[in-house]
Amino acid sequence: MSGFSIKTAMGVAACKAARAGLRIARSGGTTLPGRAAMFFDKDILASVSEGMDIIVVTGTNGKTTTCRMLEQALSSTGRSVLANKSGANLLRGVTAEFTANADWMGRPRKKFAVIECDEGALKQVVPLIKPKVILVTNLFRDQLDRYGEVMHTLDQIRTGIRLAPQSIICLNADCSLTSSLAFDVPNKVIYYGLDCPVGEQKDAEISDAKYCIRCGTEYKYEYHTYAHLGGFYCPKCGYRRSRPQTAVTAIRKLTAQGTDIQMEFRSPDEKDPAKEKTVTRDVFVSLPAVYNVYNAAGAVCAYTAAGFGRGDILKSLAKTSSSFGRMETFDLDGVRVQMILVKNPAGCNQALSYVTSLEEDYNAVICLNDQTADGHDISWIWDAEYEKLSSDENLKNIIVAGDRAEDMQLRLKYAGVPEDKIRLVRGWDQLTEQMRDSSYPVFVLPNYTSMLALRRTLAEATGKQEFWKG
């Protein structure tokens, strides 16, 4: 540990005071405390994280849930773990989390950390915290007005990885964009993925990576999972999906309560490195939907890459609880309300596929805001397959809400949803009362800021704790 620094001590004091004040005011206090700390010591994050064993998770979708899986696995073994549960994943938010949990001299109080990091902030965060492992989940179009096209996001992540050459990198083998990060980084790379197709096999309904990143030839697929994920290969230059060391080899059963899968773990045979040693395990993931199978595989890959025992996390996955807004369930006076965050076409399609596959009558709520944290460009809703709702006989009614509720109402009309099924509601309190009166389970598909606002109201109505305490 480096020597005592007055500016670091002042930064810690400022951070703790700012967070305490914000929480008295019933605010999560996610970025202002970090700003206060950095006012006194701009690189305070390096001091308050020094000597910790840290796993960082980045990528477009799945960061929060994958971190939840990792954190709960570590905690289940008695380890004290720091995590940015609030989802504040930019530099100031990460700084606030580490600094608030340091002692008054800036020394970390915990040995382990699992940190969600925004793709664009990776290059600012990882040189300071020096993680043991960086997990990259996937890359899809997301917040186009902020990041531009997906290749820009890929470059941001690549820059961050290059600034942390000591980190082991865990990559999603099924995402041709994510896998390409292995081309030109100095790090050790480990892969995870699904060796099996999912559902009806057809051309990718949404492809943010239709053409080979090396030569521009259109990819072929041995199988798809969803969007552009699957067994891709380029018929011209030979770039193809890498064989993952952590692989899901079968999805046996998908239900609203979770997923039964088979996983295979591969490593070089000690006696003959040219051969492969494999171990197969049946695993239950206590969260539904295919994207949570990916999250589970990624979490296992990162956990073992960090040097922890595989058995711990495989056992923990069967008991993993949802993180706020991600498959989170509320009991609203007997009405089951499940909230599923959506923020881009690929994730939205997976949420729609999950809801329409359950074969139970339900009401839907779709919330759309266009605030800075969401991205002001909401044109992505025209690429999402809301048409799935128009053909679902189990859907009874849809409520639209949020700052751009009229845009969503129009999108649903063009998707073929009957107008008499669609109702526009203003105000989160009124929306909560509408859901309370539902005769059926309610599935809520909000984007980020609408999720935070509605979740706050639902938490008050059902007695759940604030998201930043979860």
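Located above this text is the structure these notes cover.
Since we're looking at a predicted model, the values are computed, not measured.

Visitor: Is there a simple way to think about helix α2 (residues 32-40) in this case?
Guide: Each α-helix turn comprises 3.6 residues. Residues three or four places apart therefore point the same way. Regarding α2, the residues found buried are P33, G34, A36 and A37. Axial view of α2: buried residues confined to an arc of 160°, hence all on one face. Buried residues along α2 sit in contact with α1 (6-24), α3 (44-48) and α5 (91-100).

Visitor: Explain the sheet that holds strand β5 (residues 168-172) to me, please; I cannot follow it from the model alone.
Guide: Sheet strands associate in pairs through backbone hydrogen bonding, adopting either a parallel or an antiparallel arrangement. Read from one edge to the other, the open sheet built from nine strands follows the order β2-β3-β1-β4-β5-β6-β9-β10-β11, with strand pairing classed as mixed. At either end of the open sheet lies a strand with only one pairing partner, and these are β2 (81-83) and β11 (276-285). Each strand of the sheet is rotated relative to its neighbour by a mean of 15°, with strand direction disregarded. Across the sheet, helix α6 (residues 122-129) is in contact with β1 (53-58) and β4 (133-136); its angle to β1 comes to roughly 170°.

Visitor: What should I look at first to understand the nonpolar core in this one?
Guide: Core analysis: the largest hydrophobic core is formed by 119 residues, its most contacted members being F98, Y386, L389 and L412. The dominant element in this core, judged by the number of residues it contributes, is helix α10 (residues 290-305), at 12 residues. Ignoring any residue separated from it by four or fewer positions in sequence, one finds F98 in contact with L45, V48, S49, M52, I54, L82, A113, I115 and I129. Grouped together as the second largest cluster of nonpolar side chains are 20 residues, F324, L332, V365 and A401 included.

Visitor: Mind showing me how you'd approach the environment of T153 here?
Guide: Within the secondary structure layout, T153 lies in helix α8 (residues 150-162). Spatially, the C-alpha atom of T153 lies 36 Å from that of P273, the residues being 120 residues apart in sequence.

Visitor: In this structure, what is going on with unusual backbone geometry? I would like to understand it.
Guide: As a rule of thumb, non-glycine residues mostly have phi less than zero, and peptide bonds are mostly trans rather than cis. Of note, the phi angle at A227 is positive, near 50°, even though the residue is not glycine. Among the secondary structure elements, A227 is positioned in the loop between β7 (220-224) and β8 (230-233).

Visitor: What's the story with the packing of aromatic side chains in this structure? I'm lost.
Guide: The geometry of an aromatic ring pair is captured by two quantities: the separation of the ring centres and the angle between the planes. As enumerated under the stated definition, the model contains 12 aromatic pairs in all. For the pair F39 and F40, a centre-to-centre distance of 5.2 Å together with 90° between the ring planes defines the contact as edge-to-face. Taking 6.0 Å as the distance between ring centres and 80° as the angle between the ring planes, the aromatic pair formed by Y226 and Y294 counts as edge-to-face. On the criterion of sequence distance, the pair formed by Y226 in the loop between β7 and β8 and Y294 in helix α10 is long-range, its members being 68 residues apart. Each member of the pair, Y226 together with Y294, is buried. An aromatic cluster is defined as three or more aromatic residues linked by ring pairs; in this entry it consists of F183, Y219, F232 and Y239. One Lys or Arg, K16, reaches over the ring of W104 and ends 5.3 Å from the middle of that ring. Directly above the aromatic system of F183 lies the positively charged group of R214, at a separation of 4.1 Å from the ring centroid.

Reading guide: rules and limits
- Residues numbered from 1 in each chain as written.
- Predicted model: local features only at pLDDT ≥ 70, side-chain atom pairs only at ≥ 80, totals over all residues.
- Heavy atoms only, no water.
- Buried < 20%, exposed > 50% of the residue type's maximum accessible area, 1.4 Å probe, protein only.
- Helix = DSSP H or I, 4+ residues; strand = E, 2+ residues; numbered from the N terminus.
- Arc of directions from axis to C-beta.
- Contact = heavy atoms within 4.5 Å.
- Pairing = 2+ DSSP bridges.
- Axes fitted to C-alpha atoms, helices over the stretch in contact; angles between N-to-C directions.
- Core = buried A, V, L, I, M, F, W, Y, C linked by side-chain atoms within 4.5 Å.
- Phe/Tyr/Trp six-rings, centres within 6.5 Å; stacked < 30°, edge-to-face > 60°.
- Lys NZ or Arg CZ within 6 Å of the ring centre and 35° of its normal.

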